[in-house]
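Survey of secondary and tertiary structure
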Amino acid sequence: MDKKERARKIKMILMDVDGTLTDGTLLVLPDGEELKTYNVKDGTGILLAHLAGLKTGIITGKISKSLEKRAEKLKIFEVYQGILDKKRILEKILDKNKLNFDQIAYIGDDIGDLEVIKAVGLAGAVADAHPEVKKYSHFICSISGGKGAVREFIEFILEAQDKWSIIKAKFNNLTDLRDISEKREP
Ligand SMILES: [Mg+2]
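This text gives an overview of the structure that appears in the document. (Residues numbered from 1 in each chain as written. Predicted model: local features only at pLDDT ≥ 70, side-chain atom pairs only at ≥ 80, totals over all residues.)

A few points about the overall build of the protein chain
Definition in use: Helix numbers and strand numbers start at the N terminus; a helix is a DSSP run of H or I with at least 4 residues, a strand a run of E with at least 2. For the radius of gyration, the atom set is restricted to C-alpha positions; the globular benchmark scales as 2.2 Å times the number of residues to the power 0.38. Once C-beta atoms are placed from the backbone, each residue is buried if 20 or more other C-beta atoms lie within 10 Å of its own, exposed if 12 or fewer, and partly exposed for counts between those two. The contact criterion used here is simple: two residues whose C-beta atoms, placed from the backbone, lie within 7 Å are in contact.
Looking only at helices and strands, the protein chain has 9 helices and 8 strands in total. Against the globule reference of 16 Å for 186 residues, the protein chain gives a C-alpha radius of gyration of 16 Å, in line with a compact fold. Evaluated residue by residue, the protein chain yields a buried proportion of 37% over its 186 residues. Across the protein chain, every contact between residues at least 6 apart in sequence was considered, and the portion connecting residues at least 24 apart equals 54%.

What follows is the structure, encoded as structure tokens:
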């Protein structure tokens, strides 16, 4: 099956965080709190996926407050932090959402993602992913982690599902981004 055919079946997009939604840089404060930067292109990509009726989720090994805020703001559907066995969480997500492996896309960058990458219908690797991750991925981004790779992956899926032009138009007609990105303040 080619990657486009795989992409047509996708109902949910799962993502790794460090090295995928970020460039892997951690700014460690004296109190141990870790700060990271996210790319607005990926944020928009996630909103586009939601507009297309796809669900999104995060499975990350680390735990951070900033991620919690980012995920909340983008209305990311499934958020699992501090996870070492990502495959087990993947199975939990499938069960909860009544989906099968073929309907899941996952994008990652490092060997901790391998078991999930080997299991899902459509696996993506950021441009600077570990060679092993690239080896088992169906879609290799031309963009590195934290620079819009997730956006590239999402657009590929939307394009394969023939949703891209509709979603673009829908996005451009939004009068208020907060309708899909965050709750309006009272
Ligand atoms: Mg990673």
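Some remarks on helix H3 (residues 65-73)
The criterion, for reference: Directions are taken from the helix axis to each C-beta atom, and the arc is the one they span.
Inspection of H3 places Leu67, Arg70 and Ala71 among the buried residues, and these make up the whole buried set. All buried residues of H3 fall inside an arc of 95° around its axis, so they share one side. Within H3, the exposed residues directed more than 90 degrees away from the buried face are Lys65, Lys69 and Glu72. In this fold, the buried residues of H3 make contact with strand S4 (55-59) and strand S5 (78-80). Lys75, located one to two residues past H3, shows a positive phi value of around 55°.

Re the sheet that holds S5
Spelled out, the test is: Each pair of strands is called paired provided DSSP finds at least two bridges between the two strands.
The 6 strands lie next to each other as S5-S4-S1-S6-S7-S8, forming an open sheet whose pairing is parallel. In this open sheet, the two edge strands, each paired with only one partner strand, are S5 and strand S8 (139-140). Taken together, the 4 bridges between strand S1 (residues 12-15) and S4 define a ladder with parallel strand orientation. Each residue of the ladder has a partner; that of Met15, found in S4, is Ile58.

Regarding the packing of helix H2 (residues 40-51) against helix H7 (residues 149-160)
What counts, and what does not: Interaxial angles span 0 to 180 degrees and are taken between N-to-C directions of axes, which are lines fitted to C-alpha atoms, for helices over the stretch in contact. Each angle receives one of four descriptions, namely roughly parallel if under 35 degrees, roughly antiparallel if over 145, roughly perpendicular if within 65 to 115, and oblique otherwise. By the definition used in this description, the sense in which the near helix is turned from the far one sets the handedness, with an anticlockwise turn below a right angle giving left-handed and a clockwise turn giving right-handed. Gly counts as polar in this scheme, as do all residues outside two lists: the nonpolar Ala, Val, Leu, Ile, Met, Phe, Trp, Tyr, Cys and Pro, and the charged Asp, Glu, Lys and Arg.
Following both chains from N to C, one finds H2 and H7 inclined at 25°, their axes separated by 8 Å at the closest point. Relative to H7, H2 is oriented roughly parallel. Of the two elements, H2 crosses H7, and the hand of that crossing is left-handed. From H2, Lys41, Asp42, Thr44, Gly45, Leu48 and Ala49 reach across to H7, where they touch Val150, Arg151, Ile154, Glu155 and Leu158. Partitioned by chemical class, the residues of the contact of H2 with H7 number 5 nonpolar, 2 polar and 4 charged.

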